[in-house]
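Working through the structure, step by step
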Amino acid sequence: MFAAYAELRYAEKVKQFLQKKDLLNPGYQPVKELDHIFFPMTKKAAVPHAKVVNPRFSFPERQRPVTVDELLKGKLTAKQLQILPRTQELVGEILILEIPDELKKKEKIIAEAYLKANKHILIVVKKSNIHAGQFRTRKVAVLAGKKTKETIHHENGIELKLHLERTYFSARSGSERLRIAKLVKPGEEVLVMFSGAAPYPLVIAKNSEARHVYGVELNPEAHNYALENVLLNNLQDR
């Protein structure tokens, strides 16, 4: 295998050139040697700021991420793989799955596969029912990972601590929250009704020049999370 041998000071330029020309071999990792670096190449070609050589060593292979389908092959039938849930909601480190009735007996195996295929996920839950009741909360059941339903969700520059069963929250509304924040004019005062754990107030306070943002929430547990989140994001003065 050929490699682009360059001084470390030219490493970024060489890497960008190789990527632009589709010469960087994605299956292997670069190797550093003192103040030089070897970039594995797909073929021999001239590279600015580098010497193309045939190194006398083997490049370490990049580990390809394993997919959910690969992990479930042999555990689910072809028909079951076709109805595997493909769209999920991610709240912090918790993945929320919607398991079809046909796969209910395989739900724990499926959850373990999602957990193994995604290193940033620590808990997998399934929806037990839809949002309901006075506070629009929902029940979820832990299928794999840590036995907790509380997490810290990151979006639009804020951290949001919440419990999936104690407050209404939709991660899919993240872009809408930012869109609303961008509509707020400098010096305005904003009132957010049904503010929950404060996703809208916090995103608006963080991403606008509003003078003050007020949140009103009937659910006492959600409101307690909101108060904690204000402190967590150091937005007490807003």
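In case you missed it, the structure is sitting above this.
1. Overview of the sheet that holds strand E3 (residues 36-40)
Strand order in this open sheet of four strands is E2-E3-E1-E4, and the pairing throughout is antiparallel. Only two strands of the sheet have a single partner each, and these edge strands are strand E2 (31-33) and strand E4 (51-53). Direction aside, neighbouring strands of the sheet carry axes that sit 30 degrees apart on average. The pairing of strand E1 (residues 3-7) with E4 spans three bridges and is antiparallel. Bridge pairing links Ala4 to Val52 in E4.

2. Points about the pattern of salt bridges
Counted according to the given criterion, the structure contains 10 salt bridges. With a shortest N-O distance of 2.8 Å, Arg9 and Glu7 are connected by a salt bridge. You can call Arg9 exposed: its relative accessible area is 62%. Residue Lys127 is joined to Glu98 by a salt bridge in which the shortest nitrogen-to-oxygen separation is 3.0 Å. Placement of Lys127 in strand E7 (residues 123-127) and of Glu98 in the loop between strand E6 (94-97) and helix H4 (107-117) is noted, with a sequence separation of 29 residues between them. Judged by relative accessible area, Glu98 falls into the partly exposed class, the value being 42%.

3. Some thoughts on the sheet that holds E6
Pairing in this open sheet of four strands is mixed, and the strands run E5-E6-E7-E8 from one edge to the other. Lying at the two open borders of the sheet, with one neighbouring strand each, are strand E5 (89-91) and strand E8 (140-145). In this sheet, adjacent strand axes meet at a mean angle of 30 degrees when their direction is disregarded. Where E6 lies against E7, four bridges are found, and the strand directions are parallel. Within E7, the position partnered with Ile96 by the bridge is Val125. Contacts from H4 reach E6, E7 and E8 within the one sheet, and its direction differs from that of E8 by about 60 degrees.

4. So, the nonpolar core
Of all hydrophobic cores here, the largest spans 28 residues; its most connected members are Val125 and Leu164. Considering each element in turn, this core owes the most residues, four residues, to helix H6 (residues 199-207). Not counting the four nearest positions on each side in its chain, Val125 is found in contact with Ile94, Leu95, Ile96, Leu97, Val140, Ala141, Val142, Leu143 and Leu164. Counting residues in each nonpolar core, the second largest holds 20 residues, with Leu76, Leu84, Ile110 and Tyr114 among its members.

5. Describing the packing of aromatic side chains
For the coordinates displayed, the defined rule picks out three aromatic pairs. With 4.5 Å between their ring centres and 35 degrees between their planes, Tyr5 and Phe38 make a pair best called tilted. One end of the pair, Tyr5, is in strand E1; the other, Phe38, is in strand E3, and 33 residues separate them in sequence. What makes Tyr5 partly exposed here is its relative accessible area of 22%. Between the aromatic rings of Phe57 and Phe59, the centroid separation amounts to 5.1 Å while the plane-to-plane angle is 65 degrees, which identifies the pairing as edge-to-face. Exposure remark for Phe57: the relative accessible area of 32% places this residue in the partly exposed category.

6. What about helix H5 (residues 174-183)?
Gly174, Arg177 and Ala181 are the residues of H5 that are buried. Across the axial projection of H5, the buried residues extend over an arc of 60 degrees, all falling on one side. The exposed residues of H5 that point more than 90 degrees off its buried face are Ser175, Lys182 and Leu183. Buried positions along H5 lie against strand E9 (150-155) and H6.

7. Focus on the environment of Ala113
Secondary-structure assignment places Ala113 in helix H4. Distance from Ala113 to Glu159, taken between C-alpha atoms, is 27 Å for residues 46 residues apart in sequence. Apart from residues lying up to four places away in sequence, Ala113 is in contact with Val68, Leu71 and Leu72.

8. Some details on the packing of H5 against H6
The interhelical angle for the contact between H5 and H6, taken along N-to-C directions, is 50 degrees, at an axis separation of 9 Å. On the basis of the axis angle, H5 is oblique to H6. The interaxial crossing formed by H5 with H6 has right-handed handedness. Across the interface between the two elements, Glu176, Arg177, Leu178, Ile180, Ala181 and Lys182 of H5 pack against Pro199, Tyr200, Val203, Ile204 and Asn207 of H6. In the contact of H5 with H6, the residues fall into seven nonpolar, one polar and three charged.

What counts, and at which threshold
- Residues numbered from 1 in each chain as written.
- Predicted model: local features only at pLDDT ≥ 70, side-chain atom pairs only at ≥ 80, totals over all residues.
- Heavy atoms only, no water.
- Pairing = 2+ DSSP bridges.
- Helix = DSSP H or I, 4+ residues; strand = E, 2+ residues; numbered from the N terminus.
- Axes fitted to C-alpha atoms, helices over the stretch in contact; angles between N-to-C directions.
- Salt bridge = Lys/Arg side-chain N within 4 Å of Asp/Glu carboxyl O.
- Buried < 20%, exposed > 50% of the residue type's maximum accessible area, 1.4 Å probe, protein only.
- Contact = heavy atoms within 4.5 Å.
- Core = buried A, V, L, I, M, F, W, Y, C linked by side-chain atoms within 4.5 Å.
- Phe/Tyr/Trp six-rings, centres within 6.5 Å; stacked < 30°, edge-to-face > 60°.
- Arc of directions from axis to C-beta.
- Parallel < 35°, antiparallel > 145°, perpendicular 65-115°, else oblique.
- Left-handed = near helix turned anticlockwise from the far one by under 90°.
- Nonpolar A, V, L, I, M, F, W, Y, C, P; charged D, E, K, R; others polar.

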